[in-house]
Each structure stands twice: as C-alpha cells, then as structure tokens.
Amino acid sequence: MISLSALCRMTASASLRSAGGAPSAAFSSAARQATLAGTISLNNIADNPGSSRAFKRVGRGHGSGLGKTSGRGHKGQNARSGNGKTSPWFEGGQSTIIAKTPKTGFNNAAFRKDFVELNLAQLQHFINIGRINPHEPITIKTLYESGVVHGVKDGVKLLADGRDLFYSKVDIQVSKASALAIDCIESRGGKLTTVYHNKLGLRAHIKPQSFLAKSRPLPRQALPTRRADLEYYRDPARRGYLVPTAATDASSEVD
C-alpha cells in the first residue's frame, strides 16, 4: 500500500516530468483517481511522523522514571499544585508594586448605586405584546415581573431612548428618570413619580413572598437618609414622591 506522503511525491515528480504542464501518460487522471481510491480512506488517515508527541504518563511507579514526585522534584513553588502558575503581578511573596503604589482619586464604591436602565422603547414594546398593562399603575415590581428588567439591585432608572416610538399613557413609578423621559411621559398624558427604596425595602417590594413564607412582617418603606437623596426626591423637577411633604413643610414654616 502506498502511503499518503509517497503518493504526493509521485504526483509532484510526475507533474515535473510532464511536458508543457500536461500530465504524463504514466500518471493519467484515471490512474491518479484509482491510486487515491486505493490508498486514502478514513481508517488510514494519520498525521505525519513526528508531528505529534505521546502524552507523558506520570505517577505510574518508580520504574517509569516519573513516579512519586512525577518529575517535579522536591518541594518548592514548582512542585505545588498548579504547576507553579502564579498571577502576572506575583513577585515571589513580597509586597507587589500594585500594593505599594499609593491610590489617589475619588472612589465612591461605598455609596455607588447600581440602577437598571430602562428605555421608553423597551417599555412600549412590552406594553404592545401584553406583558405590561398601561391602564394600571406600573411599579418596579410590575417591571420586574414582566421581565423587562432583570437583576434589580438599587432600583430602575427610566431613560428617553426610543421616545419617538412611545405613545402610551401610563402611570409609572421608578427610582430615577431623565428629564427627557419625564417630558415624554407627561406629553402623552401620563404621570411619572420617582420613589426611593433601600435594599431591604426594594427586596420586600419586588419579592414580598420571601418574607411571607418565613412569617416575617414586610418592612415599611424607609425614607432617604443621605442629603443628596433627600434633595432629589424633594425636587419637583425630578417628580419626587416627597414633593407634597416638602411643600407642606415649607407652608408650615411660613405660618
């Protein structure tokens, strides 16, 4: 049986011997097809010799030469699990340059809010397919149960992307909203209110069954404690839910 490499050499030599590029009579196309059909099949296709290397079987006894420590030697970093692999910033155990470099700049990780963004085009689409009823008040719980938002941590922020496609009259409550989104909702005859929820109150609002299943009372809605939040939800331009309270406080101070 002729091997694949020998067949390739025969083909190349026959092509070189041919005059003017025409195939030789000894190696015609019919003969080439017959030779290929007799030598190449799925059961004899293999890589060229030396192109692959056998897997090294370690830990198979002292006689194998790679028993006990499996060729890693005794102790040391490279003898441990992971084949001595470390992170790119590892410096042999001493304090890394990343740890020694002073950190500067503003970091608001302790007070950062992670709001899920909701576009008006997405809201209108879920209204069109019947997942949200525009004739009932739309809360964060409604948005979560409809599937238009996922992974709500600190609330939902309504944005005005796709406002040209929005035409429904809705009464919606979200954590925050852009000025364009507020104008779009109210221009369609709807109403928008921004409502504050802390993490516990938001969880009780979205998943009250988790509290009722453990016979725990639902926590009351907490008021914002940070000054920035108080100013936001007392701002009439933001349509905050504390605007009536702020107006009442102002009138009582005048009296």
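Every chain begins its residue count from 1, and numbering advances along the sequence as written. Reporting in this predicted model follows two pLDDT cut-offs: at least 70 for local features of residues, and 80 or more for side-chain atom pairs to be given and counted; totals over whole chains, interfaces and linings ignore these cut-offs and use all residues. Note: side-chain values were computed over all heavy atoms of the structure, leaving out hydrogens and water.

- The chain carries the name 50S ribosomal protein L15 in an unreviewed UniProt entry, which gives Fonticula alba as its organism.
- UniProt positions are given in the numbering used here, feature names are shortened, and annotations may be inferred rather than shown by experiment. Recorded in UniProt for the chain, the comment headed Sequence similarities (unreviewed entry) runs: "Belongs to the universal ribosomal protein uL15 family."

Re the overall build of the chain
So, step 1. Helix and strand labels come from DSSP, where a helix needs a run of H or I of at least four residues and a strand needs a run of E of at least two; each type is numbered from the N terminus. Secondary structure summary: the chain contains 10 helices and five strands in total.
So, step 2. Buried residues in the chain amount to 26% of all 255 residues.
So, step 3. Pairs at least 24 residues apart make up 50% of the contacts formed inside the chain by residues separated by at least 6 positions.
So, step 4. Of the accessible surface of the chain, which amounts to about 18000 Å², a share of 53% is contributed by carbon and sulfur atoms. For the exposure calls, accessible area comes from a 1.4 Å probe over protein chains only, and a residue counts as buried if that area is under 20% of its type's maximum, exposed if over 50%, partly exposed in between. Residue contacts follow a heavy-atom distance rule, with two residues in contact if any of their heavy atoms lie within 4.5 Å. Accessible areas in this description were obtained via Shrake-Rupley with a 1.4 Å probe; residue shielding takes into account the shown protein chains only.

Side note on helix H6 (residues 179–187)
So, step 1. Here H6 has its buried residues at Ala-181, Ile-182, Cys-184 and Ile-185. Seen end-on, H6 carries its buried residues on one side only, within an arc spanning 165°. Counted as exposed and oriented over 90 degrees from the buried face of H6: Ala-179 and Ser-187.
So, step 2. Of the surrounding elements, those touching the buried residues of H6 are helix H4 (120–128), strand E2 (156–159), strand E4 (176–177) and strand E5 (191–194).
So, step 3. Note on H6: the residue one or two positions beyond its end, Gly-189, has a positive phi of about 85°. What the arc describes is the spread of directions from the helix axis to the C-beta atoms.

A word on the pattern of salt bridges
So, step 1. A side-chain nitrogen of Lys or Arg and a carboxyl oxygen of Asp or Glu constitute a salt bridge if their distance falls within 4 Å. Under the criterion given, the structure shown has six salt bridges.
So, step 2. With its nearest N and O atoms 2.5 Å apart, the salt bridge here joins Arg-239 to Glu-186. Of this pair, Arg-239 sits in the loop between helix H9 (227–233) and helix H10 (243–254) while Glu-186 sits in helix H6, and the two are 53 residues apart along the sequence.

Here we look at the packing of aromatic side chains
So, step 1. Here the aromatic set is Phe, Tyr and Trp, taking the six-membered ring for Trp, and pairing holds for ring centres within 6.5 Å; pairs whose planes are under 30 degrees apart are stacked, those over 60 apart are edge-to-face, and all others are tilted. On inspection of all chains with the given rule, the structure shows three aromatic pairs.
So, step 2. Aromatic pair Tyr-196 and Tyr-233: ring centres 5.8 Å apart, planes at 65°, arrangement edge-to-face. In this pair, Tyr-196 sits in the loop between E5 and helix H7 (199–206) while Tyr-233 sits in helix H9, placing the two residues 37 residues apart along the sequence.
So, step 3. Judged by relative accessible area, which is 3%, Tyr-233 ranks as buried.
So, step 4. Judged by centre distance (5.1 Å) and plane angle (70°), the rings of Tyr-232 and Tyr-233 are edge-to-face.

Some words on the side chain of Thr-194
So, step 1. Within the secondary structure, Thr-194 sits in strand E5.
So, step 2. Between N or O atoms, a polar contact is any pair within 3.5 Å; within protein, one atom must be a potential hydrogen donor and the other a potential acceptor, and residues adjacent in sequence are included only when both atoms are from side chains. Within polar-contact distance, the side chain of Thr-194 engages the backbone oxygen of Arg-238 at 3.1 Å.
So, step 3. Once residues lying within four places of it in the same chain are set aside, the contact partners of Thr-194 are Val-174, Ser-175, Lys-176, Ala-177, Tyr-232, Tyr-233, Arg-238, Arg-239, Gly-240 and Tyr-241.

Concerning H4
So, step 1. Here H4 has its buried residues at Leu-120, Leu-123, Gln-124, Phe-126 and Ile-127. Mapping the buried residues of H4 onto a view down its axis gives an arc of 165°, with all of them on the same face.
So, step 2. Where H4 is buried, its residues touch strand E1 (116–119), helix H5 (140–146), E2, strand E3 (171–174) and H6.

Observations regarding the confidence of the model for the chain
So, step 1. Values of pLDDT, which run from 0 to 100, indicate the predictor's confidence residue by residue. Scored by pLDDT, the chain comes out at a mean of 84, with 80% of its residues at no less than 70.
So, step 2. With pLDDT under 50 throughout, residues 21–27 is counted as low confidence; its partners more than four residues away or in other chains account for eight contacts.

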